[in-house]
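Spelled out, the chains give:
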Amino acid sequence: MSRKDSKQTALISRRSWCRAAGAVAGGLAISPTIPSLGVNSQEPGATATLPTFTGPSANSYWSAVGPIVSEPQKAPLILLTDRPVQLETPRNYFATAFTPNEAFYVRWHLDRIPNAVDLRTWRLHVEGNVASPQAFSFGDLLRKFKAETVAAVNQCSGNSRSRLQPRVPGGQWGNGAMGNARWTGVKLRDILSAAGMKSGSVQVQLQGLEQGEGPEGLGSKYFLKSLDLENSVMDECIVAYAMNGEPLPLLNGFPVRLIVPGYFATYWMKCLTWIRVLDKPDENFWMKTGYRVPDTPRGTTRPEAMKAGGVKTVPIGRMPVRSFLVTPDGSAKIPAGMSVNLRGIAFSGYGRVTKVEISDDGLKTWKIAQLGEDFGAYSFRTWEFAWAPRTPGKYSVAVRATDEKGNVQPDETVWNPGGYLWNRIERQEFVAGNAE
Amino acid sequence: MKIHKLRITAGIAVAALLIGAALAEQRLGSYTTQNTGKIVQAKPAALAEDSEYEMASLPSFDAELANGAGRAETQIYCGTCHTPRYITMQPPLPAATWEAEIQKMVKAFGAQIPQADAQKIAQYLHEHYTPETRQR
């Protein structure tokens, strides 16, 4: 439909609405009190919907602007794309430290996502540069190994991509491409020991059941990620068969998913089926070209520098410190003088969050928020702060976190062509109304 | 008698206005017929005690691509690997960025798009999805 057409349709529908309203008014002689009940032709109380897209300026909403949809085994979530599936977790689910499985965000790269897994034939294969290749059944993982549990945040590398200026192509996430869960499973080191890595091993390559329509040997056929064996995170990785004490939803990686505490989700292979020990570094698209960030402080650069060339890049790694104000969400006025409980979460891929601070004077002064229970270095940490707007007006409340390594959330923006690593201080606007 | 009746009517009218004013302040019972898009509840699946763990087919939602020359080529070639929502989800992007995306699909991902059709797709994206041209 052209723009002109849609304008005409809008005109016609408005006219027919007026005609219908006129007929009702003429026939029923509506009393003068009815408009005050909100029933009039203007529909003043109608909820305005979000635009269908944002840009070229930054997305100003907390979440992506997609519609809410239902997908198998999931609560209603925000749709980014339906094939392959990308779904964002709505803001309200971050009011607690753990994100429910059914609300956990979803991000696949290729469109042939498993709709079913038969555990009679499914095996977790350990192959490549190993002494004795292994194939473990789901039952083997449950029975033959010691179970380990870790609380860890899974965040998409491109979470908050829609904030970047200039905008970059990719999944236009708001802030909801993240979640925190208790992951239970087998230590990756225990699985590798069972196969016995041979000398000369440098990386482990991870492959799940997901496949694409592209030709063999390209990134559009298989999604593959690798971790350096000398990386200390190898000792913390878990092959998880349980998420918050339950089987994983298929869209989140049933039967098992790799947990890489502190690292961005790109390494957390879903439906993990092949663990391949490599004797030379992985050069597949998803390591050599995809998910790389400038080797600069905070991974930030400018489009001009990229165009000029010579910006060295490295594979994305740990998640920088972030914090979010979750509730109240600013959608309702607060009576001036009333104290409200601001609540949210914070996390860092570099270790425990040690401090969360609030500013309501444009970052000039900061007040310390109270931290919630500590579920471990890589978990969401909840925080709360009693805040009272003194007089009617508009307020901007900022929140920033500090981790145990001394990393403080900055107010500077981030830009890189992949749209990764955004961790700028978040702000929430509040309107205080008159209480008298 | 007549005067008395008038007074009562006037009294009722004033009372009605006062009630109306009070209701207006609190905006009771404001309904709208707009935005009634609904999400249906899924019926629980019948489960068998076997080793197969499955989920229902994934829903496919319509994404409306703008009308115009090149729309069919865009739907067919781009749609081989992904829904057109990958296009409509993006912010308005400069023509050069769309060009680079097409090149990435062809070179890095092996999309089999004949040169002439790739040009049609580029032209279509320029005409409908750049900061200067995007309408919806």
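Residues numbered from 1 in each chain as written. Chains lettered and ligands numbered in written order. Predicted model: local features only at pLDDT ≥ 70, side-chain atom pairs only at ≥ 80, totals over all residues. Heavy atoms only, no water.

Observations regarding the packing of helix H2 (residues 71-78) of chain B against helix H5 (residues 115-128) of chain B
Each packed pair of helices is defined by two parameters, the angle between the axes and the distance between the axes.
All names here are of chain B.
No. 1: Their axes nearest at 8 Å, the elements H2 and H5 cross at an angle of 115°. Relative to H5, H2 is oriented roughly perpendicular. Relative to H5, H2 is oriented so that their crossing is left-handed. Of the residues in H5, those in contact with Arg71, Glu73, Thr74, Tyr77 and Cys78 of H2 are Asp117, Lys120, Ile121 and Tyr124.
No. 2: A class-by-class count of the residues in the contact of H2 with H5 yields 4 nonpolar, 1 polar and 4 charged. (Axes fitted to C-alpha atoms, helices over the stretch in contact; angles between N-to-C directions. Helix = DSSP H or I, 4+ residues; strand = E, 2+ residues; numbered from the N terminus. Parallel < 35°, antiparallel > 145°, perpendicular 65-115°, else oblique. Left-handed = near helix turned anticlockwise from the far one by under 90°. Contact = heavy atoms within 4.5 Å. Nonpolar A, V, L, I, M, F, W, Y, C, P; charged D, E, K, R; others polar.)

A look at the domain arrangement of chain A
All names here are of chain A.
No. 1: On domain assignment, one finds that chain A holds domain 1 (115-290) and domain 2 (322-433).
No. 2: In this structure, domain 1 and domain 2 have C-alpha centres spaced 31 Å apart.
No. 3: Contact between domain 1 and domain 2 buries roughly 1800 Å² in total, counting both sides, with carbon and sulfur atoms accounting for 61%.
No. 4: Looking only at domain 1, the three residues that lose the most surface to domain 2 are Val153, Leu164 and Met178, adding up to 24% of its buried area.
No. 5: The interface formed by domain 1 and domain 2 includes 0 salt bridges.
No. 6: Summed over the shared surface of domain 1 and domain 2, the number is 9 residue pairs in polar contact (both at pLDDT 80 or more).
No. 7: Contributing elements (two or more residues each) for the side of domain 1 that touches domain 2: strand E8 (148-155) and strand E9 (178-187).
No. 8: Here the side of domain 1 that touches domain 2 is built from residues that sort into 9 nonpolar, 10 polar and 4 charged. (Domains from an automatic or database assignment. Buried area = accessible area lost by both parts, 1.4 Å probe. Salt bridge = Lys/Arg side-chain N within 4 Å of Asp/Glu carboxyl O. Polar contact = N/O pair within 3.5 Å; in protein donor to acceptor, adjacent residues only side chain to side chain.)

Topic: the packing of helix H4 (residues 95-107) of chain B against H5 of chain B
All names here are of chain B.
No. 1: In contact at an axis separation of 9 Å, H4 and H5 are set at 145° when each is read in the N-to-C sense. Read as a crossing pair, H4 and H5 show a hand that is right-handed. Taking contact as the criterion, the partners of Ala95, Trp98, Glu99 and Ile102 in H4 are, on H5, Ala118, Ile121, Ala122, Leu125 and His126.
No. 2: Of the residues in the contact of H4 with H5, the class split is 7 nonpolar, 1 polar and 1 charged.

What about empty space enclosed by the protein?
Residues and elements named next belong to chain A.
No. 1: Following the criterion strictly, the structure yields 3 cavities of 30 Å³ or more and no others.
No. 2: Estimates place the volume of the largest cavity at around 160 Å³.
No. 3: If you trace the largest cavity, you find 18 residues lining it, with Tyr105, Arg107, Arg257, Ala265 and Lys270 closest to the centre.
No. 4: Reported here for the second largest cavity is a volume of approximately 40 Å³.
No. 5: Taken together, Trp62, Arg91, Leu325, Val397, Val399, Glu426, Arg427 and Gln428 form the lining of the second largest cavity.
No. 6: Put simply, the parts of the chain that give the lining of the second largest cavity at least two residues each are strand E24 (393-403) and strand E25 (426-433).
No. 7: In terms of residues, the lining of the second largest cavity owes the most to one element, E25, which gives 3 residues. (1 Å grid on protein atoms, 1.4 Å probe; cavity = no way out; pocket = protein on both sides within 12 Å on 5 of 7 lines; lining within 4 Å. Points joined across faces, edges and corners; volume = space filled by probe spheres on them.)

Comments concerning a negative patch on the surface
No. 1: A cluster of acidic residues, Glu49, Asp50, Glu52 and Glu54 of chain B, forms a negative patch on the protein surface.
No. 2: Checked against the element boundaries, Glu49 of chain B lands in the loop between helix H1 (2-26) and strand E1 (52-54). (Patch = residues over 30% accessible without salt bridge, like charges linked within 9 Å, V, L, I, M, F, W, Y side chains within 5 Å. Areas by Shrake-Rupley, 256 points an atom, 1.4 Å probe, with all protein chains shown as cover. Lys, Arg positive; Asp, Glu negative; His and termini not counted. Charge placed at Lys NZ, Arg CZ, Asp CG, Glu CD.)

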